[in-house]
Amino acid sequence: MQREAPQEAQAEAGKAEMLCEALAEAARAERRSRLPEAAVWRAFAAADPHRSRGDEARALLLQRLEVLAAAGRIRLPARGGAGWDRGLRPSLPVWVQVVQQQRAEPFDPRGYPWAPELSFVADMPRIEHPEELMAIQRFLAGGGRRRPIVPMRERSIQLFGDEKRLEQLRRSSLFSSERLSLETLRCAAVSPPLALEAGPPGSGGRPMLILENHHPWWSFCQWNRRHGCYSHVVYGAGAGFGAEAVRFLHAHITGADPRREAADLHYAGDLDAEGLRIPWRAAKLAEELGLRLLPAERWYRRMLEQADALERAGVVLSCGEPIATGPELEWLPVALQEPVRRAFAAGRRIPQEVVGSEELAAEGVEG
């Protein structure tokens, strides 16, 4: 592979720095740190007018933005989200946030009059998120404690101008034990609404079936309309099936009467490590709420059988690497644990789509 010449690398680094200065100047002129895509292009043209046109301009702009993001000079939207313009290749961010540089003088947190909720900051050896901490300080000092509880992304954009920033901070040390919490910031994590379809007349009181993926959910809805084995068929939305989703189902089942006896929840998802980890975690909360989240043994068994049939027909499901197992495997019925353990050891991942519309068409009420 041909390496970039030192002189060329140095020149490109200088161009990236010029782009950073142009972005900072635009942010000052517009009095906002987050710049839309059109403003980013104007800054690019100001920094390098000869190379800001032509077929390679998008790739060059993206390259320089990624260099600046890696250096912490700017912040880009999360990859894979809605914050990217995919109309042409390569995709470009629809906004760029200019990161304000820290003052040259070191900030001593020990002498600052922090709000009681932020008193732990004075004992931190190093402050990693000074701008965010000051935004939270202003929120608390400005009457934030009396604000209503709102969805987390709404509070995040009020605090930081970035609706996803608070989700990122929740994974940092600021939210470790006895430090910040969402309740302190008067907000809550909310899950996407669950799609659920009621079964036909006469299915009331029967278990709910929760499916990890939306294509199987569609197929099972069709099947349940004919057979009515489940009171509802629920789309669990993959890893989104967490605490908020379980509480949603609990409220839906109990309705206005919290003493109402709730039917069991049956769950079926992919047979891989994450596919088992999702219901294993959710089952703990369900138990606290008086619900039972049980493995849908019938469908997990059919998945194993169908996977064997596919491989006999020459369809390879193996991913080539053994799949690590943990305590989540014990959530499955005892009779299925060993077959699943053997499949994982062979590197076989079994998506729940192996039991689809055609397989369900051959299933009766009892299977």
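Predicted model only: the values in this text are computed from it and were never measured. (Residues numbered from 1 in each chain as written. Predicted model: local features only at pLDDT ≥ 70, side-chain atom pairs only at ≥ 80, totals over all residues. Heavy atoms only, no water.)

Draft legend 1. A look at the sheet that holds strand β9 (residues 208-211). Strand order in the open sheet formed by five strands is β8-β10-β9-β11-β12, with mixed pairing between adjacent strands. A single partner strand is all that each edge strand has here, and the edge strands are β8 (195-198) and β12 (293-295). Neighbouring strand axes in the sheet, compared pairwise and without regard to direction, differ in orientation by 25° on average. On top of the sheet, helix α7 (residues 214-227) reaches β8, β9 and β10 (232-235); it is set at about 170° to β10, its chief contact. Across the sheet, helix α10 (residues 297-312) lies against β9, β11 (265-268) and β12, angled at about 15° from β11, the strand it touches most. (Pairing = 2+ DSSP bridges. Helix = DSSP H or I, 4+ residues; strand = E, 2+ residues; numbered from the N terminus. Axes fitted to C-alpha atoms, helices over the stretch in contact; angles between N-to-C directions. Contact = heavy atoms within 4.5 Å.)

Draft legend 2. Representation of the pattern of salt bridges in the model. Summed over the entire model, instances satisfying the criterion amount to 24 salt bridges. Among the salt bridges present, the one from Arg32 reaches Glu30, with a minimum N-O distance of 2.8 Å. Here Arg75 and Glu132 are joined by a salt bridge, their closest N and O atoms 3.6 Å apart. Within this pair, whereas Arg75 is found in strand β2 (residues 74-75), its partner Glu132 is found in helix α4 (residues 130-141), the two being separated by 57 residues in sequence. (Salt bridge = Lys/Arg side-chain N within 4 Å of Asp/Glu carboxyl O.)

Draft legend 3. Structural view of unusual backbone geometry. A cis amide bond links Arg89 to the next residue, Pro90, at an omega of -5°. Along the chain, Pro90 falls in the loop between β3 (84-85) and β4 (92-93). The phi angle at Arg31 is positive, at roughly 55°, despite the residue not being glycine. Note that Arg31 resides in the loop between α1 (6-30) and β1 (34-36).

Draft legend 4. Region of the structure containing the side chain of His129. In this structure, His129 sits in the loop between β5 (95-98) and α4. Within the structure, His129 has its side chain in polar contact with the side chain of Arg165 (distance 3.4 Å). Not counting residues within four places of it along the chain, the set of residues in contact with His129 comprises Arg165, Leu169, Ser172 and Leu174. (Polar contact = N/O pair within 3.5 Å; in protein donor to acceptor, adjacent residues only side chain to side chain.)

Draft legend 5. Inspection of the packing of helix α2 (residues 37-47) against helix α3 (residues 57-70) at higher detail. Contact geometry for α2 and α3: axes closest at 11 Å, N-to-C directions at 95°. As judged from the angle between their axes, α2 and α3 are roughly perpendicular. Seen from α2, the contacting residues are Val40, Trp41 and Phe44; seen from α3, they are Ala57, Arg58, Leu60, Leu61, Arg64 and Leu65. Residue composition of the contact of α2 with α3, by class: seven nonpolar, no polar and two charged. (Parallel < 35°, antiparallel > 145°, perpendicular 65-115°, else oblique. Nonpolar A, V, L, I, M, F, W, Y, C, P; charged D, E, K, R; others polar.)

Draft legend 6. Main features of the packing of α4 against helix α5 (residues 152-160). Close contact between α4 and α5 brings their axes to 9 Å; oriented N to C, the two are set at 105°. By the criterion of interaxial angle, the relationship of α4 to α5 is roughly perpendicular. On α5, the residues that touch Glu132, Ala135, Ile136 and Phe139 of α4 are Arg155, Leu159 and Phe160. Classifying every residue of the contact of α4 with α5 by side-chain character gives five nonpolar, no polar and two charged.

Draft legend 7. How the structure looks around the sheet that holds β5. Read from one edge of the open sheet, three strands run β1-β5-β2, paired in antiparallel fashion. At either end of the open sheet lies a strand with only one pairing partner, and these are β1 and β2. Pairing of β2 with β5, which is carried by two bridges, proceeds in the antiparallel orientation. Each bridged residue has a counterpart across the sheet, and for Arg75 the counterpart in β5 is Gln97.

Draft legend 8. Structural detail: α3. Across its 14 residues, α3 extends 20 Å between first and last C-alpha, which sits within 8% of the 20 Å expected from 1.5 Å per residue. Buried within α3 we find Ala57, Arg58, Leu60, Leu61, Leu62, Arg64, Leu65 and Leu68. Two residues or fewer past α3, Gly72 is found with a positive phi of approximately 80°. (Expected span 1.5 Å × (residues − 1). Buried < 20%, exposed > 50% of the residue type's maximum accessible area, 1.4 Å probe, protein only.)

Draft legend 9. Up close: the environment of Leu317. With respect to the helices, strands and loops of the structure, Leu317 is situated in the loop between α10 and α11 (334-345). It is 7.5 Å that separates the C-alpha atoms of Leu317 and Ala307, two residues lying 10 residues apart in sequence.

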